[in-house]
Amino acid sequence: MPELIVENLPFQAMASRCNLRVAAPDPGTARHWADLAVAEVRRIEQTFSRYRPDSIVSRINAAAGGEPVRCDAETLALLGYADQLHRSSDGLFDITSGVLRRAWDFRHPRLPDAAELQQLCGLVGWQRVERDGDAIRLPQPGMELDFGGFGKEYAADRVAAVLHAAGARHGYVNLGGDLHALGPQPDGRPWMIGIQHPREAGRVTAELALSQGGLATSGDYERFFELDGRRYCHVLDPRTGWPVSHWQSVSVAAPLCIAAGSCTTVAMLLEARGSAFLENTGLPWLAIGPDGRPHRGPANAPDA
């Protein structure tokens, strides 16, 4: 068996800096695998991005208040996953809450108009979405679906599956901080993944040893503004339309990146109750509290 070389192959996708780190028998194979990875990410982005008018999500949103839209098996599976998340989180994880972004512009320190926010909250409610077989309908004009809450994580899992089918066994794909490890380094050592410090750009707050599976982080530091001494971040409570304000960041490792990402989002939305939720998952996690102190659990959690 030829000696494997580890290649780091960066690319841009889903409005994020991404990279594939993979062990391959030669540079040509590594490049081929990178092409497969990028193609799969582009396919998912084209299929599910709300920014693309030809995506299934945009077609569903454009038909809100009108006729139902038929969906393919992959879309139905993701909608089923969204339904499970909504039920298990008591409605906190709601893929119809993306409309709330209309009230918030995190490039400018301005609070939304209360009447506008209340009107948008009236468009939120996954439980109101009508599903009949392979068809889905948003009952009210202005309602929207948004897969942004798990889109990158799903893409990371899909890339890992595509690469495994192509013969890759060692490496990981990183889509803007959402990762899936195919397997450990060629010598069996885990990959050491740095978790970004939520208050100091360019510094890591911890490292996680990851050999296989997903890792995701949610936080209040990527899109936010500060006003009158308070930080307002992009993670919005679907019940009120207001940003959460407890955790600086939450990281979770899980067999799949989509599961890890869902756990981080729910923990952020639960605010102070998030640590109890994370403990109940049994998954390794690290959360940075409002005072900057780390909270970890259970065994094999990231070390600061």
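Residues numbered from 1 in each chain as written. Predicted model: local features only at pLDDT ≥ 70, side-chain atom pairs only at ≥ 80, totals over all residues. Heavy atoms only, no water.

Where an unreviewed UniProt entry is consulted, the chain appears under the name FAD:protein FMN transferase, with the organism given as Pelomonas candidula. Regarding the chain, the relevant UniProt record gives this comment under Sequence similarities (unreviewed entry): "Belongs to the ApbE family." (UniProt positions renumbered as here; feature names shortened; annotations may be inferred.)

Novice: Quick rundown of the nonpolar core? Include the residues and the values.
Specialist: With 82 residues, the main nonpolar core has Leu 20, Ile 95, Leu 145 and Phe 150 as its most contacted residues. No other element matches helix 6 (residues 257-270), which puts 9 residues into this core. Dropping the residues within four chain positions of it, Ile 95 is found in contact with Leu 79, Ala 82, Trp 126, Glu 144, Leu 145, Asp 146, Phe 147 and Phe 150. Core analysis: the second largest hydrophobic core is formed by 9 residues, Trp 191, Leu 208, Leu 215 and Ala 253 among them. (Core = buried A, V, L, I, M, F, W, Y, C linked by side-chain atoms within 4.5 Å. Buried < 20%, exposed > 50% of the residue type's maximum accessible area, 1.4 Å probe, protein only. Helix = DSSP H or I, 4+ residues; strand = E, 2+ residues; numbered from the N terminus. Contact = heavy atoms within 4.5 Å.)

Novice: Break down the packing of aromatic side chains for me, citing the residues and quoting the values.
Specialist: Throughout the structure, instances matching the rule amount to 13 aromatic pairs. Ring centres 6.5 Å apart and planes at 80° place the aromatic pair Phe 48 and Tyr 154 in the edge-to-face group. You can see Phe 48 sitting in helix 1 (residues 27-48) and its partner Tyr 154 sitting in helix 5 (residues 151-166), a full 106 residues away along the chain. Look at Phe 48 and you get buried, because its relative accessible area is 7%. (Phe/Tyr/Trp six-rings, centres within 6.5 Å; stacked < 30°, edge-to-face > 60°.)

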